[in-house]
Amino acid sequence: MEKVLEIKDLHVSFSTYGGDVKAVRGVTFDLHKGETLAIVGESGCGKSVTSQSIMRLIPSPPGKITQGEILFKGRNLTNVSETEMRKIRGADISMIFQDPMTALNPTLSVGEQIIEGIRQHKNIGQAEGRKAALEMMELVGIPSAAVRMKQYPHQFSGGMRQRIVIAMALVCQPEVLIADEPTTALDVTIQAQILELFRDIQEKTGVSIILITHDLGVVAQVADRIAVMYAGKIVETGSRREIFYNPQHPYTRGLLRSVPRLDADDAELLPIDGSPPDLFSPPAGCPFAARCEHAMEVCSRVYPNKTRLTSIHQVDCWLQDERAPKKMAARI
Ligand SMILES: Nc1ncnc2c1ncn2[C@@H]1O[C@H](COP(=O)(O)OP(=O)(O)O)[C@@H](O)[C@H]1O
Ligand code: SF4
Ligand SMILES: [Mg+2]
């Protein structure tokens, strides 16, 4: 499968008065052409920092990519010039955020903003820009697009605003769309509609999507693959089926127990006890050890190796080590 993005051993730190926050600690993953990869984990685990790194939008200082590579179609984005990066952002890799209002200019009509988005990257006239903007608004499902183009952001509902932001992100036909908690600010019905829109757009355009969320419920409908992040590391990756039906990391299992499932709405929801480790001085071993009911003596001392369970399913957990007592692995 063609790889659009390859993230290799990415490390990102922030220097603060209290010391260095090691926000991302050796993250490796690929994004394949036309797939939706979800990155899931509790707040503060490094999801946004990972996506900002891909866009080279880490505030620096205090932030810094200290190690690793971000390959976009073979090109290492960690060392391209800022001028080059400006050409890539929006045109090749686009990003949308949780709050559509921050991405929109309240003083311009939405049509003008979408046209401006194209003209930043393409040398086209007003009429051509208008035509492309109109097509985009129709693609993202805004009714009466020709009329609504002339309206201002405050004249749209939250869900419609997020559609406009998606239109802006897609107007230059990027190969990668990074959506960081794109539905968190929306109510459940609208959330489902926006997720449906992502699928629809992907079918029509073939864009590869990284969907970032703290909510496993959100990814159940749309993700092809899921990467579970904890304390700056990806601790388990697998197909959506593998993660939902055969999770192997105790943290993944904990996350699954803590989200409402569509097929078991009366089931008890159990939040994971405790909180993630301090990223100023993360533990040497498994960062989940302090919260893990299966932790063994080795866990807090040595970080587990990656175990490959299938061609796409892999997990970082000592329970998978061939030397671990089999009854322990069976218990989880
Ligand atoms: N500008 C910053 N300065 C210092 N620490 C930061 C900054 N941005 C993010 N962090 C820290 O990096 C870690 C990961 O944050 P983030 O990627 O935003 O988490 P998530 O998106 O998973 O909720 C957190 O501990 C956060 O406090
Ligand atoms: S490595 Fe040990 S502490 Fe970490 S998740 Fe696995 S069993 Fe639990
Ligand atoms: Mg975030």
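Along each chain, numbering runs from 1 in the same order as the chain's sequence is written. Just so you know, chain letters begin at A and ligand numbers begin at 1, following the order they were written in. Whole-chain, interface and lining totals are the exception, using all residues; otherwise, since this is a predicted model, local features are given only for residues with pLDDT of at least 70 and side-chain atom pairs are given and counted only at 80 or more. Note: side-chain values were computed over all heavy atoms of the structure, leaving out hydrogens and water.

Undergrad: Looking at this model, I keep getting lost on the overall build of the protein chain. Mind explaining?
TA: The secondary structure listing takes helices from DSSP runs of H or I that are at least 4 residues long and strands from runs of E that are at least 2 residues long, numbered from the N terminus. Summing up its helical and strand segments, the protein chain has twelve helices and twelve strands in all. Both definitions apply: the radius of gyration is a C-alpha atom measure, and the globule rule equals 2.2 Å times residues to the power 0.38. For 332 residues, the compact-globule estimate of 2.2 N^0.38 gives 20 Å, and the protein chain sits close to it at 21 Å. The principal-axis extents of the C-alpha atoms in the protein chain amount to approximately 70 × 50 × 40 Å. The classification of residues rests on relative accessible area computed with a 1.4 Å probe and restricted to protein chains. Under 20% of the type maximum is buried, over 50% is exposed, and intermediate values are partly exposed. Sorting the 332 residues of the protein chain into buried and exposed places 51% on the buried side. Residue contacts are counted whenever heavy atoms from the two residues lie within 4.5 Å of one another. Counting contacts in the protein chain only where the partners sit at least 6 residues apart, residues at least 24 apart contribute 63% of the total. With the model as given, the accessible surface of the protein chain reaches about 15900 Å², and the carbon-plus-sulfur share is 51%. Only four residue types enter the tally: Lys and Arg on the positive side, Asp and Glu on the negative side, with His and both chain ends excluded. A charged residue contributes its charge at one atom only: NZ of Lys, CZ of Arg, CG of Asp or CD of Glu. Placing the 38 positive and 39 negative side-chain charges of the protein chain at their respective mean positions leaves the two points 3 Å apart. To measure how exposed things are, a 1.4 Å probe is used in the Shrake-Rupley method; for residues, cover is taken only from the protein chains shown.

Undergrad: Got a minute to help me understand empty space enclosed by the protein in this structure?
TA: Left-over empty space is what a probe sized like a water molecule reveals as it rolls over the atoms. Cavity and pocket criteria rest on a 1 Å grid covering protein atoms alone: a 1.4 Å probe that fits but cannot get out defines a cavity, protein on both sides within 12 Å along at least 5 of 7 lines defines an open pocket, and an atom within 4 Å of a point defines a lining residue. Grid points are joined across faces, edges and corners, and a volume is the space filled by probe spheres set on the points. For the structure on display, the rule yields two cavities of 30 Å³ or more. Here the largest cavity is characterised by a volume of approximately 90 Å³. What lines the largest cavity is a set of 14 residues, and nearest its centre among them are C286, C292, C299, C317 and W318. Classifying every residue of the lining of the largest cavity by side-chain character gives twelve nonpolar, two polar and no charged. Around the second largest cavity sit T36, F198, I209, L211 and V222, which together line it. Throughout, the ten residues Ala, Val, Leu, Ile, Met, Phe, Trp, Tyr, Cys and Pro are labelled nonpolar, Asp, Glu, Lys and Arg are labelled charged, and all others, Gly among them, are labelled polar. Counted by class, the lining of the second largest cavity contains four nonpolar, one polar and no charged residues.

Undergrad: What am I meant to see in the packing of helix α4 (residues 110–119) against helix α7 (residues 158–170) here?
TA: Geometrically, a packed helix pair is captured by the angle between its two axes and the distance between the axes. For every element, the axis is a line fit to its C-alpha atoms; helices are fit only across the contacting stretch, and the angle between N-to-C directions ranges from 0 to 180 degrees. Contact geometry for α4 and α7: axes closest at 8 Å, N-to-C directions at 25°. When the axes of α4 and α7 are compared, the pair comes out roughly parallel. Note on packing geometry: the crossing formed by α4 with α7 is right-handed. Residues V110, Q113 and I114 of α4 form the contact with α7, whose own contacting residues are I164, A167 and M168. Its residues assigned to classes, the contact of α4 with α7 comprises five nonpolar, one polar and no charged. For classification, angles of less than 35 degrees are called roughly parallel, those exceeding 145 degrees roughly antiparallel, those between 65 and 115 degrees roughly perpendicular, and all remaining angles oblique. In this scheme, a crossing is called left-handed if the near helix is turned counterclockwise away from the far one by less than a right angle; it is called right-handed if the turn is clockwise.

Undergrad: Sorry if this is basic, but what is going on with the site of ligand 2 here?
TA: Surrounding ligand 2, one finds H249, P250, C286, A289, C292, H294, A295, C299, P304, C317, W318 and L319. Those molecules having more than half of their atoms within 2 Å of a cavity or pocket grid point set are described as sitting in that cavity or pocket. Among the cavities detected, the one that contains ligand 2 is the largest cavity. Of the residues belonging to the shell around ligand 2, the class tally is ten nonpolar, two polar and no charged. Whether a residue is near a molecule or strand depends on its heavy atoms: if one lies within 4 Å, it is near.

Undergrad: When you look at the site of ligand 1 in this model, what are you seeing that I'm missing?
TA: In the region of ligand 1, the neighbouring residues are F14, A23, E42, S43, G44, C45, G46, K47, S48, V49, P59 and L279. Polar contacts, as used here, are pairs of N or O atoms within 3.5 Å; protein pairs need one atom able to donate a hydrogen and one able to accept it. Residues neighboring in sequence count only if both atoms are side-chain atoms. Interatomic distance of 3.1 Å between a backbone N/O atom of G46 and an oxygen atom of ligand 1. One of the side-chain N or O atoms of S48 is found 2.8 Å from an oxygen atom in ligand 1. When ligand 1 is considered free in solution it has 560 Å² of accessible area, and contact with the protein chains removes 66% of it.

Undergrad: Looking at this structure, I do not really get the sheet that holds strand β1 (residues 3–16). What am I missing?
TA: Backbone hydrogen bonds are what pair the strands of a sheet, in a parallel or an antiparallel way. Taking strand neighbours across the sheet as the criterion, the four strands line up as β2-β1-β4-β5 in an open arrangement whose pairing is antiparallel. Both edges of this open sheet fall to β2 (19–32) and β5 (75–76), since each of them pairs with a single strand only. Looking at chain direction, strand β4 (residues 63–72) and β5 are connected through two bridges and run antiparallel. Within the sheet, the bridge partner assigned to F72 lies in β5 and is R75. This element, helix α1 (residues 47–54), spans β1, β2 and β4 of the sheet and lies at about 115° to β1. Here, strands pair whenever DSSP counts at least two bridges between them.

Undergrad: Can you walk me through unusual backbone geometry in this structure?
TA: It is generally the case that most residues other than glycine have a negative phi and that most peptide bonds are trans. Following S60, the chain continues into P61 via a peptide bond in cis, with omega recorded as -10°. Following P61, the chain continues into P62 via a peptide bond in cis, with omega recorded as 10°. Structurally, the position occupied by P62 is in the loop between α1 and β4. One non-glycine residue, S144, lies in the positive phi region at around 45°. Position of S144 among the secondary structure elements: in the loop between α5 (126–139) and α6 (145–148). Unlike most non-glycine residues, E181 shows phi in positive territory, near 50°. Note that E181 resides in the loop between β7 (176–180) and α8 (188–205).

Structural measurements only, silent on function.
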